[in-house]
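# A look at the structure
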Amino acid sequence: MADSFEEADQLFADCKFRESYDLLSRKHSKDAGYATLWRLCRVIYSITRELAVDEKKSKELEAFIYEGFGYAKQALALQPDTAAAHKYYAIFLAEKSGIEGLKERVLQLSTILRHLRQATELDEGDPFAWFVLGRFYHKLAGLAWFQKKMIHTFTNDIPDATYADALEYFVRAENTQPNFFPLNHLMIGETYIELKEPEKARPCLELAANQSEPRTADDREAQREAKALLRKL
């Protein structure tokens, strides 16, 4: 069992997401334990990021999102006190509700935020959880006033998020594990621009733009977007 997890983890580290998924899927048919489930969530999320850049693969993307949500729900039921379970439940609930329409996404916002906060509380050392929480706040901060008003007609427990809030979480992610994710560099840079501090944005954008070997769809997105923003500074 440990050997198969080690192999799946190595495949994931090598960005061989499909191979890791296939191995874990075979294991899941025999063992639906938590250790298998959270790894399936992790690798399926990476697969969805690769699929999201190709409009022709929207159906496959949707299928993976629902599959990932199912595993996240099982993982949370098995281990409700683990950070990874809350993190992936929040991630896949956000993706699933996005498919199901604007109203459903709005209705699920407070649940998504609650699970993201629980993930960071249960494991303060997970930089990706801080990053996802930062993106949640960044998206809220970027909404138009009428969109924010609509949200508050459905729920009263969503904060009036600011870019300063988002920056706090992105910086927390970076301080937890420096250089862990080029997309975090991009988001720090973007957020500094929103805060009218372009001189602070440049170093982070340059880190994202100057990757020598982008390995994933997220890496390539970070590089592409960072280069575009640097040209405007």
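In what follows, the structure referred to is the one given above.
Figured I'd write up the structure that's included with this text. (Residues numbered from 1 in each chain as written. Predicted model: local features only at pLDDT ≥ 70, side-chain atom pairs only at ≥ 80, totals over all residues. Heavy atoms only, no water.)

### Focus: unusual backbone geometry
Residue Cys15 is not a glycine yet carries a positive backbone phi of 65°. Mapped onto the fold, Cys15 is located in the loop between α1 (2-13) and α2 (17-28). Notably, Lys196 is not glycine yet its phi reads approximately 65°, a positive angle. With respect to the secondary-structure elements, Lys196 resides in the loop between α10 (182-194) and α11 (198-209). (Helix = DSSP H or I, 4+ residues; strand = E, 2+ residues; numbered from the N terminus.)

### Side note on the pattern of salt bridges
Applying the stated criterion across every chain yields a total of 12 salt bridges. Taken together, the shared-partner salt bridges connect Asp9, Arg39 and Arg42 into one network. (Salt bridge = Lys/Arg side-chain N within 4 Å of Asp/Glu carboxyl O.)

### As for the packing of helix α5 (residues 83-99) against helix α6 (residues 102-122)
It is the contact of α5 with α6, at a shortest axis distance of 8 Å, that shows an interaxial angle of 160°. With respect to α6, the axis of α5 lies roughly antiparallel. The way α5 lies across α6 gives a crossing that is left-handed. In contact with Ala83, His86, Lys87, Tyr89, Ala90, Leu93, Ala94, Ser97 and Gly98 of α5, α6 contributes Glu104, Arg105, Gln108, Thr111, Ile112, His115, Leu116, Gln118, Ala119 and Leu122. (Axes fitted to C-alpha atoms, helices over the stretch in contact; angles between N-to-C directions. Parallel < 35°, antiparallel > 145°, perpendicular 65-115°, else oblique. Left-handed = near helix turned anticlockwise from the far one by under 90°. Contact = heavy atoms within 4.5 Å.)

### Overview of α6
Each α-helix turn comprises 3.6 residues. Residues three or four places apart therefore point the same way. Along its 21 residues, α6 runs 30 Å from first to last C-alpha, staying within 8% of the 30 Å computed at 1.5 Å per residue. For α6, every residue scored as buried is listed here: Val106, Gln108, Leu109, Ser110, Thr111, Ile112, Leu113, His115, Leu116, Ala119 and Thr120. Those residues of α6 hidden inside the fold are in contact with α4 (58-78), α5, α7 (127-141) and α8 (145-154). (Expected span 1.5 Å × (residues − 1). Buried < 20%, exposed > 50% of the residue type's maximum accessible area, 1.4 Å probe, protein only.)

### So, the side chain of Ser97
Tracing the backbone through its elements, the reader meets Ser97 in helix α5. With near-sequence residues (within four places) excluded, Ser97 lies in contact with Glu104, Arg105, Gln108 and Ile112.

### Regarding the packing of aromatic side chains
Within the structure shown, the criterion is met by 13 aromatic pairs. With 5.4 Å between their ring centres and 55° between their planes, Phe12 and Phe17 make a pair best called tilted. No difference in accessibility class separates Phe12 from Phe17, as the two residues are buried. Taken together, the aromatic side chains of Tyr45, Phe128, Phe131, Phe170, Phe180 and Phe181 make up a single cluster linked through ring pairs. Directly above the aromatic system of Phe12 lies the positively charged group of Arg42, at a separation of 4.1 Å from the ring centroid. (Phe/Tyr/Trp six-rings, centres within 6.5 Å; stacked < 30°, edge-to-face > 60°. Lys NZ or Arg CZ within 6 Å of the ring centre and 35° of its normal.)

### Focus on the nonpolar core
Counting residues in hydrophobic clusters, the biggest one holds 71 residues, and the most contacted among them are Phe92, Phe128, Phe131, Phe136, Tyr137 and Leu186. Beyond its immediate sequence surroundings of up to four residues, Tyr137 is in contact with Leu113, Arg117, Pro159, Ala161, Thr162, Asp165, Ala166 and Tyr169. (Core = buried A, V, L, I, M, F, W, Y, C linked by side-chain atoms within 4.5 Å.)

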